[in-house]
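Residues per chain are reported as follows:
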Amino acid sequence: VQALQLFREMADSRVEGNTITYNAVVSACEKGEQWVQALQLFREMADSRVERNTITYSAAVSTCRKVEPWVQTLQLFREMADSRVEPDTITYNAAVSACEKSGQWAQALQLFR
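Predicted model only: the values in this text are computed from it and were never measured. Along each chain, residue indices are assigned from 1 in the same order as the chain's sequence is written. Residue-level local features of this predicted model are given only where pLDDT is at least 70; pairs of side-chain atoms are given and counted only at 80 or more, and the full residue set underlies all totals for whole chains, interfaces and linings. Based on all heavy atoms of the structure, the side-chain values leave hydrogens and waters out of the count.

Quick word on the state of the cysteines
Here, the term disulfide refers to a pair of cysteine sulfur atoms separated by no more than 2.5 Å. Scanning all chains against the criterion turns up 0 disulfides. Here Cys29 is not disulfide-linked; the sulfur of Cys64 is the nearest cysteine sulfur, at 15 Å. Between buried and exposed lies partly exposed: a residue is buried under 20% and exposed over 50% of the maximum accessible area for its type, with that area taken using a 1.4 Å probe on protein chains only. For Cys29, a relative accessible area of 0% gives the class buried. We note that Cys99 lacks a disulfide partner, and the nearest cysteine sulfur, in Cys64, lies 11 Å from it.

Next comes the structure, spelled out in structure tokens:
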């Protein structure tokens with residue numbers, strides 16, 4: 001993914017990423033099926049103390065449902081709530097989809113309580 005390469009060049013030039021740049025790269029990685037890199041960047045944000053918002057979490061939850069067991073996807077969804085970040089339709093859809101793929105309908109219903 002070209003966005004990831006540009007992001008790494010930014011870092012090499014000592015330009016720090018912010019929420020917007022991380023969101024763009026995480027989303028690009030998710031859409032480009034670079035799922036491992038998307039989740040690594042998501043985790044890197046916390047390590048770098050870059051604020052994660054609804055867009056960040058939505059991209060991460062969407063990515064997670066493709067590569068991680070449903071349990072990890074729901075943990076990420078709950079982490080979002082613990083961080084006081086409001087989920088949106090995209091986040092809910094991704095979390096429900098992760099549950100659906102694993103036949104975990106009861107867990108999907110719990111998301112709405």
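From this point on, the discussion continues.
Looking at the nonpolar core
Tyr57, Leu76 and Ala95 are the most contacted members of the largest nonpolar core, which totals 16 residues. Dropping the residues within four chain positions of it, Ala95 is found in contact with Val61, Thr73, Leu74, Phe77 and Leu111. We call a set of buried Ala, Val, Leu, Ile, Met, Phe, Trp, Tyr and Cys residues a nonpolar core when their side-chain atoms join them within 4.5 Å. Counting residues in each nonpolar core, the second largest holds 11 residues, with Val25, Cys29, Leu41 and Met45 among its members. Contact criterion: two residues are considered in contact whenever any of their non-hydrogen atoms come within 4.5 Å of each other.

Structural notes on the packing of helix 2 (residues 19–31) against helix 3 (residues 35–47)
For helices, the fitted line uses only the C-alpha atoms of the stretch in contact; every axis is such a line through C-alpha atoms, and the angle between N-to-C directions lies from 0 to 180 degrees. For helices the rule is a DSSP run of H or I covering at least 4 residues; for strands it is a run of E covering at least 2, with both sets numbered from the N terminus onward. Direction vectors running N to C along helix 2 and helix 3 enclose 160°, while the axes themselves pass 7 Å from each other. Here helix 2 is positioned roughly antiparallel relative to helix 3, judged by the angle of their axes. As helix 2 packs across helix 3, the resulting crossing turns out to be left-handed. Listed contacts from helix 3 to Thr19, Tyr22, Asn23, Val25, Val26, Cys29 and Glu30 of helix 2 are Trp35, Gln37, Ala38, Leu41, Phe42, Glu44 and Met45. Every angle not falling under 35 degrees, over 145, or within 65 to 115 is termed oblique; those three ranges are roughly parallel, roughly antiparallel and roughly perpendicular. Each crossing is labelled by how the near helix is turned from the far one, with a counterclockwise turn of less than a right angle marking it left-handed and a clockwise turn marking it right-handed.

What about the packing of aromatic side chains?
Note on aromatic pairs: the rings of Phe, Tyr and Trp (six-membered ring only in Trp) are paired at centre separations within 6.5 Å, and the planes decide the class, stacked below 30 degrees, edge-to-face beyond 60, tilted for the rest. For the structure on display, the rule yields 4 aromatic pairs. Between Phe77 and Tyr92, the aromatic rings sit 5.2 Å apart at their centres with planes inclined by 65°, giving edge-to-face as the arrangement. Placement of Phe77 in helix 5 (residues 70–82) and of Tyr92 in helix 6 (residues 89–101) is noted, with a sequence separation of 15 residues between them. A network of ring pairs unites the aromatic residues Phe77, Tyr92 and Phe112 as a single cluster. For the cation-ring pair, Arg52 lies above Phe42, with the distance from its terminal atom to the ring centre recorded as 4.1 Å. Cation placement over rings: the criterion is NZ of Lys or CZ of Arg within 6 Å of the ring centroid and within 35° of the ring normal.

Thoughts on helix 2
Given the number of residues in a helix, its expected span is that number minus one, multiplied by 1.5 Å. In this model, helix 2 (13 residues) spans 18 Å end to end at C-alpha, consistent with the 18 Å of a helix rising 1.5 Å per residue. Those residues of helix 2 that fall on the buried side of the exposure criterion are Thr19, Tyr22, Asn23, Val25, Val26, Ser27, Cys29 and Glu30. Close packing links the buried residues of helix 2 with helix 1 (2–12), helix 3 and helix 4 (54–67). The N-capping residue of helix 2, defined by a side-chain oxygen 3.1 Å from the backbone nitrogen of Ile20, is Asn18. Once helix 2 finishes, Glu33 follows within two positions and takes phi at roughly 60°, a positive value. N or O atoms within 3.5 Å of each other form a polar contact, as long as, within protein, one can give a hydrogen and the other can take it, and as long as residues adjacent in sequence are counted only when both atoms are side-chain atoms.

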